[in-house]
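# Understanding the architecture of this molecule
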Amino acid sequence: YKCRFGQLITNASYAAEDDTLSCLSMPQDVAGAYALELSLNAQQYTENAIELMYYELPIVSSISPKGGVIGGGTLVRVFGFNLGQGEVYTCKFGVEVVHASIDTMDDTVSCESPSASYDGVVTLEVAINSQDYTNNAVSFTYYTAPLVSLVSPSTGILYGGNVVTIDGSGFDGMHELHCMFGKSS
């Protein structure tokens, strides 16, 4: 059994239990579509080639925000290079895999953090084919949601500008603190 990727040939293996052939893709010099053809005797190859798309190695350079609550649900934007070449996007937070989407206007990937069982740091990686993940080890920090116990003063002028002090717990170690008043932050 053989597989041919463009002009490069490699061995294939047959799995009788599910009637499938498997082969490792051959490296190519340039990104793009390459014909994949199969042979059962290493001489005659299929004539109805299927295209296999080769892409540049995606790279994750940063994320925003850099953390979220352990309950999950934080929308994370992933920035990097060569992210817009894929078809089926996923993000991996540590070992947890979630669906992702691409914003074709700026080639950023968006995904929602899954829940975690404890505070801590995990790596966030992206796959643009839902299989081969980046290995850039960008950190995402899970934390317990902060608790607000007192807001002082509890009233303010309609047009804003008052300094408001917030007492509570779970604020330390957080890098991106924001206050939201009603529907405005």
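All of these numbers come straight from a predicted model, not from anything done at the bench.

### Observations regarding the overall build of the protein
- Looking only at helices and strands, the protein features 0 helices and 16 strands.
- Taken against the 2.2 N^0.38 rule, which gives 16 Å for 185 residues, the C-alpha radius of gyration of the protein at 24 Å runs more than 25% over that of a compact globule.
- Considering only C-alpha atoms, the protein reaches an extent of 85 × 35 × 25 Å along its principal axes.
- Per-residue burial over the protein gives 25% buried out of 185 residues.
- Contacts in the protein between residues far apart in sequence, at least 24 positions, make up 46% of those at least 6 positions apart.
- With the model as given, the accessible surface of the protein reaches about 12300 Å², and the carbon-plus-sulfur share is 54%.
- Here the protein contributes 6 positively and 20 negatively charged side chains, and the mean placements of these two sets differ by 2 Å.

### Some thoughts on a nonpolar patch on the surface
- Taken together, the side chains of Tyr1, Tyr14 and Leu40 make up a nonpolar region of the molecular surface, amounting to roughly 340 Å² of accessible area.
- Within the secondary structure layout, Leu40 lies in the loop between strand 5 (32–39) and strand 6 (50–54).

### With respect to the nonpolar core
- One finds Val78, Cys91 and Phe93 to be the most contacted residues of the largest nonpolar core, which totals 19 residues.
- Of all the secondary-structure elements, those providing two or more residues to this core are strand 7 (59–64), strand 9 (75–81), strand 10 (90–93), strand 11 (96–103), strand 12 (108–112), strand 13 (120–127) and strand 14 (138–143).
- In this structure, Cys91 is in contact with Val78, Glu96, Val97, Val98, Ala100, Val109, Cys111, Glu125, Val126 and Tyr133, ignoring residues within four places of it in sequence.
- Core analysis: the next-biggest nonpolar cluster, separate from the first, contains 6 residues, Cys3, Ala12, Met26 and Tyr54 among them.

### A few points about the sheet that holds strand 6
- Pairing is antiparallel across the open sheet formed by 4 strands, whose spatial order is 2-1-5-6. In this open sheet, the two edge strands, each paired with only one partner strand, are strand 2 (8–11) and strand 6. Pairwise comparison of adjacent strand axes, ignoring direction, gives a mean angle of 30° for this sheet.
- Sheet topology places strand 1 (residues 2–5) next to strand 2; 4 bridges connect them, and they run antiparallel. By the bridge assignment, Phe5 is partnered in strand 2 with Leu8.

### Considerations on the side chain of Thr108
- Of note, Thr108 is situated in strand 12.
- Relative accessible area serves as the criterion here: at 3%, Thr108 is assigned to the buried category.
- Here Asp106 takes part through its side chain, which lies 2.8 Å from a polar atom of the side chain of Thr108.
- With residues near it in sequence (within four places) discarded, Thr108 still touches Arg77, Val78, Phe79, Ser101, Ile102 and Asp103.

### Quick look at the state of the cysteines
- Here the structure, examined in full by the defined rule, presents 2 disulfides.
- The disulfide partner of Cys3 is Cys23, and the S-S distance across this bridge is 2.1 Å. What sets the handedness of the Cys3 and Cys23 disulfide is the S-S torsion sign, and at about -95° it is left-handed. In this pair, Cys3 sits in strand 1 while Cys23 sits in the loop between strand 4 (20–22) and strand 5, placing the two residues 20 residues apart along the sequence.
- Two residues, Cys91 and Cys111, share a disulfide whose sulfurs are 2.2 Å apart. Residues Cys91 and Cys111 are joined through a disulfide that is left-handed, its torsion about the S-S bond being -90°. Separated by 20 residues along the polypeptide, Cys91 in strand 10 and Cys111 in strand 12 bring together distant segments of the chain. You'll find Cys91 and Cys111 in the same group, each marked buried.
- Ordering the disulfide-forming cysteines of the protein by sequence position, one finds them joined as 1-2, 3-4.

Here is what the cut-offs are and how they apply
- Residues numbered from 1 in each chain as written.
- Predicted model: local features only at pLDDT ≥ 70, side-chain atom pairs only at ≥ 80, totals over all residues.
- Heavy atoms only, no water.
- Helix = DSSP H or I, 4+ residues; strand = E, 2+ residues; numbered from the N terminus.
- Rg over C-alpha atoms; globule rule 2.2 N^0.38 Å.
- Buried < 20%, exposed > 50% of the residue type's maximum accessible area, 1.4 Å probe, protein only.
- Contact = heavy atoms within 4.5 Å.
- Areas by Shrake-Rupley, 256 points an atom, 1.4 Å probe, with all protein chains shown as cover.
- Lys, Arg positive; Asp, Glu negative; His and termini not counted.
- Charge placed at Lys NZ, Arg CZ, Asp CG, Glu CD.
- Patch = residues over 30% accessible without salt bridge, like charges linked within 9 Å, V, L, I, M, F, W, Y side chains within 5 Å.
- Salt bridge = Lys/Arg side-chain N within 4 Å of Asp/Glu carboxyl O.
- Core = buried A, V, L, I, M, F, W, Y, C linked by side-chain atoms within 4.5 Å.
- Pairing = 2+ DSSP bridges.
- Axes fitted to C-alpha atoms, helices over the stretch in contact; angles between N-to-C directions.
- Polar contact = N/O pair within 3.5 Å; in protein donor to acceptor, adjacent residues only side chain to side chain.
- Disulfide = S-S within 2.5 Å.

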